[in-house]
Amino acid sequence: MNLVLVPDGPLDVAATLARYTLWGEDPVNRVDGDVFRRVLRVGETLVPYEVRWSGSVDDARLAIRIPGGRAAAVADAATAEVRRLFGLDFDLPGFYRMAMADAALATLVGPLYGMRPTLAPTPLEMLVGSITAQQVNLSFAFACRARLVRRYGTAVRLGGTEVWAFPAAAALARATVRELRALKYSNRKGEYIRDLARAVVAGTLDLAALGAAANAEVIERLTALRGLGRWTADWFLARCCGRGDVCPAGDLAVRKAFDHYYGRGRALSEQAIRRRARAWGPYQNLAVHYLLAGMRLSGRPVGGDA
């Protein structure tokens, strides 16, 4: 089965997918030259697929190949996932019009033209990744996550490459803290991941409903869970739900970026950052990602969300 997607606005694929190679190996999201490979989970079925791109930044095309004959539902699910992974639903032209009126953002439009935030394909992946990244650098977090995937996920061969399906909630729910400790997770993080997975399996945490809830409700539900705070909730809204009106102002990397571009020699408070970001309205999420990428371009690596 072959599908083609045409972005609405510019798309720089290399810049968009950079996070999957920037901090280490990602066995779930494989980027190899001009091809991206991943395994889609449709119920209990694992469906590998690959995406190739062609054309210029202003005329990009994404060609999706799903081996074998597949039902329409699989094609729809793959299309939706690819749109998330490549950030195709962000209004990049509208953001650029807004950014040109901001002295700092205007300097980033040219060098980052076509970069789109890539959204986490599933809520479970986003939350496990967030727990993994708490209070550690992203290189260590990526290494831990890769070990977790290989321990509890499923390997699939595609195009001569081994791609791993992210573990199902049931597999993580059966994990013991001792097993997770062997993967270099702390006791607390092991408990958080196991308890999160158990809540999903038991139905006390409905991830699909969570992703559709209003911002305030998402924050309330996530911060009520053990081990998840406002930092996780903000990034969940930004990188899983794709909400435009979100600024993870409590993130250290975000604070460093705001201090650099807007601090005028002083550190800004979380409240001041949120006030500044509100001026960008529905483009806060994009603005934050451009500021973080701008810091990396300037040689000031500050990390960022996982």
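1. What about the environment of L105?
Topologically, L105 is positioned in helix α5 (residues 103–109). Put simply, L105 and Y290 are 185 residues apart on the chain and 7.4 Å apart in space, counted from C-alpha to C-alpha. Excluding its chain neighbours within four sequence positions, the residues that come into contact with L105 are F95, M98, A99, Y262, W280, A287, Y290 and L291.

2. Side note on the pairing of strand β3 (residues 35–42)
The buried count for β3 comes to 6 of 8 residues, which makes it a mostly enclosed element. Examined bridge by bridge, strand β2 (residues 30–32) and β3 share 3 bridges and lie antiparallel to one another. Paired with R30 across the two strands is R37, which belongs to β3. If you look at the hairpin formed by β2 and β3, you'll find 2 residues sitting between the two strands, and G33 has a positive phi there, around 65 degrees. Counting the residues that bridge the hairpin from β3 to strand β4 (residues 45–54) gives 2 residues, and of these G43 lies at a positive phi of roughly 65 degrees.

3. Things to note about helix α4 (residues 92–99)
Every α-helix winds through 3.6 residues per turn, so residues three or four apart in the chain are directed the same way. Summarising burial for α4: 6 of the 8 residues are buried, a large majority. L92, G94, F95, Y96, M98 and A99 are the residues of α4 that are buried. The inward-facing, buried residues of α4 abut α5 and α16 (284–297). A distance of 3.0 Å separates the backbone nitrogen of G94 from a side-chain oxygen at the start of α4, and that oxygen is part of D91.

Rules behind the numbers
- Residues numbered from 1 in each chain as written.
- Predicted model: local features only at pLDDT ≥ 70, side-chain atom pairs only at ≥ 80, totals over all residues.
- Heavy atoms only, no water.
- Helix = DSSP H or I, 4+ residues; strand = E, 2+ residues; numbered from the N terminus.
- Contact = heavy atoms within 4.5 Å.
- Buried < 20%, exposed > 50% of the residue type's maximum accessible area, 1.4 Å probe, protein only.
- Pairing = 2+ DSSP bridges.
- Polar contact = N/O pair within 3.5 Å; in protein donor to acceptor, adjacent residues only side chain to side chain.

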